[in-house]
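One letter stands for each residue in the lines below.
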Amino acid sequence: RGDLIVDVARGFEYEPLRTRVHIEPGQRELKLKLKRWTDLTKERYFSGDTHVHFLSTQGAHTEAQGEGLHVVNLLLSQWGSLFTNTEEFTGSASISGNGDSIVYATQENRQHMLGHLTLLGLKEPVMPWCSGGPGEAELGGNLETTLSHWADACHAQGGTVVIPHIPTPNCEPATLIATGRADAVEMLVHSEYNHLEYYKYLNCGYKLPLAGGTDKMSSDVPVGIYRTYAYVPDVEEFTYDAWCKALRSGNTFHSAGPILKFSVNGEPLGNTVQLTGNGGTVEVIATAESILPIHSLEIVQQGRVAASTEDANGTRKLELRASLKIEGNTWLAARCAGPNYTSLPHYDGWRRGIMAHTSPIYIACGGEYHLFNLENAQYMLSLVDGGLSYIRQRSPQLNPGTITHHHGEEDHQKFLERPFLEARAALHKRMHDLGIPH
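Along each chain, residues carry numbers from 1 onward, in the same order as the chain's sequence is written. Where totals are concerned, whole chains, interfaces and linings use all residues; where local detail is concerned, this predicted model gives features only for residues with pLDDT of at least 70, and gives and counts side-chain atom pairs only at 80 or more. Only heavy atoms go into the side-chain values, all of them from the structure, while hydrogens and water stay out.

Colleague: Would you mind going over the packing of aromatic side chains with me for this structure?
Modeller: Within a pair of aromatic rings, the relevant descriptors are the distance that separates the centres and the angle that separates the planes. In this analysis, rings of Phe, Tyr and Trp, with Trp reduced to its six-membered ring, are considered paired at centre separations within 6.5 Å, and the interplanar angle assigns stacked below 30 degrees, edge-to-face beyond 60, and tilted for intermediate values. Evaluation of the coordinates by the stated rule reveals 10 aromatic pairs. Plain terms: the ring middles of Tyr198 and Tyr199 are 6.1 Å apart, the flat faces sit at 40 degrees to each other, and that makes the pair tilted. Exposure categories follow from relative accessible area, calculated using a 1.4 Å probe and restricted to protein chains: below 20% of the type maximum is buried, above 50% is exposed, and the middle band is partly exposed. Assessed through its relative accessible area of 2%, Tyr199 is described here as buried. Comment: the charge-over-ring label is applied if NZ (Lys) or CZ (Arg) is within 6 Å of the ring centre and within 35 degrees of the ring normal. We note Lys207 situated over the ring of Tyr362; from NZ or CZ to the ring centre the distance is 4.9 Å. Positioned over the ring face of Phe12 is Arg227, at 4.5 Å from the centre of the ring.

This is the structure:
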């Protein structure tokens, strides 16, 4: 009773409200109105969280609608003998009665050394959920499979493969990317290290859409505090499959608050701008608007800042227009955050940074898009070779002849090594095609 301060917030597209109210004796109802300052669905951008654990399907709907989120990927997984959310799996999307939220119970398959993998849109489970012993798989478990084989099984069902919380664990992501098995990468925290790892793959010429997810495991992390906005064309109905297709297409941006827009010569995110000859000049336009303070807006070209603007005091809106000289195939992306691109923190359990980052726009000069960086390719090869060494020397495996493996092949070691050998061959071929000794 009496005077109270009330805080109400709903995602990033509504003005948060702090107001003083007076509660009378016996009062049972309180009505407050939130102002929606932007509606990205009118622009056909739908938000989703690629990485949520431990909720029920109905609980995921409730939290999604409370946070103004359209898609929740509820990930089944394993922690030793604990298998989570098994009863939620139906092999199809759950759609709320008002149509505002979609929840899909699917999987995160995990291996403590090779890495983790998010398999979106599964119709049937992809087993085993985890492999190779603790901490992810069961005590005494053997290395039964690889992330690459999980990815193949997901694609065989028409699903979407996302490398979560890039780059950790960092053994097999390079193999997935080199062999074309990854549809997107997810950034879980804001840091220079995470971004530079992502940029290495872009600098090697791989087109990798960017996704945002929370890895929510507890109530101190709101669903969608890191989220993916994906563009669904107006000729398509908004469905779960359409959202996953949009994610794969690359017209996405990852947001922890700011609404980020970016174009190059009028082309949207994920597209390739064609220039004649060896290059030319492109016009870039970027805007960032936010209910939370932002200080810097930057255009990134192959990992370096090509243009930027700042507000030292923090602001709700930044705009940037620039003409950039292009001298060969390249990629551009926009990002925004705190001063000097460090981040002011959210108050979630992870204290994650307030930031946003687009997927790239690619620029091809005089032909098809291609890009290569020898140092980064050698880094990828070191990761591939490290994976092979782990499989051959350190991975837990049962003695040949004592077990029949799920894949049915006679040579289990050959089965495990195959994707890594494919990745090594693919990287060597790219070097050979460019005339680089290897």
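Colleague: How should helix H6 (residues 374-394) be read in this particular structure?
Modeller: One turn of an α-helix holds 3.6 residues; hence residues three or four places apart share an orientation. Starting at the N terminus, helices and strands are each numbered in turn, a helix being any DSSP run of H or I of at least four residues and a strand any DSSP run of E of at least two. What a helix should span is 1.5 Å times the count of its residues minus one. Its 21 residues place the ends of H6 29 Å apart at the C-alpha level, agreeing with the 30 Å of an ideal helix rising 1.5 Å per residue. Those residues of H6 not exposed but buried are Asn376, Ala377, Met380, Leu381, Leu383, Val384, Gly387, Leu388, Tyr390 and Ile391. The contact criterion used is simple: two residues touch if any of their non-hydrogen atoms lie within 4.5 Å. Looking at the buried positions of H6, the neighbouring elements they touch are strand E7 (102-111), helix H3 (173-178), helix H4 (192-203) and helix H7 (412-433). Definition of a polar contact: a pair of N or O atoms within 3.5 Å, with one able to donate and the other able to accept a hydrogen when the atoms are protein atoms, and with sequence-neighbouring residues admitted only if both atoms are side-chain atoms. N-capping of H6 is provided by Asn373, with a side-chain oxygen placed 3.2 Å from the backbone N of Glu375.

Colleague: For this particular structure, what's the right way to read the pairing of strand E20 (residues 361-365)?
Modeller: A large share of E20 lies buried, amounting to 5 of its 5 residues. Of the pairings in the sheet, the one linking strand E15 (residues 272-275) to E20 comprises 4 bridges and is parallel in character. Opposite Val273, over in E20, you have Ile363 as the bridge partner. Strands are treated as partners if at least two bridges between them are detected by DSSP. As paired strands, strand E18 (residues 330-337) and E20 are joined by 3 bridges and run antiparallel to one another. When the bridges of E20 are listed, Leu332 appears paired with Ile361.

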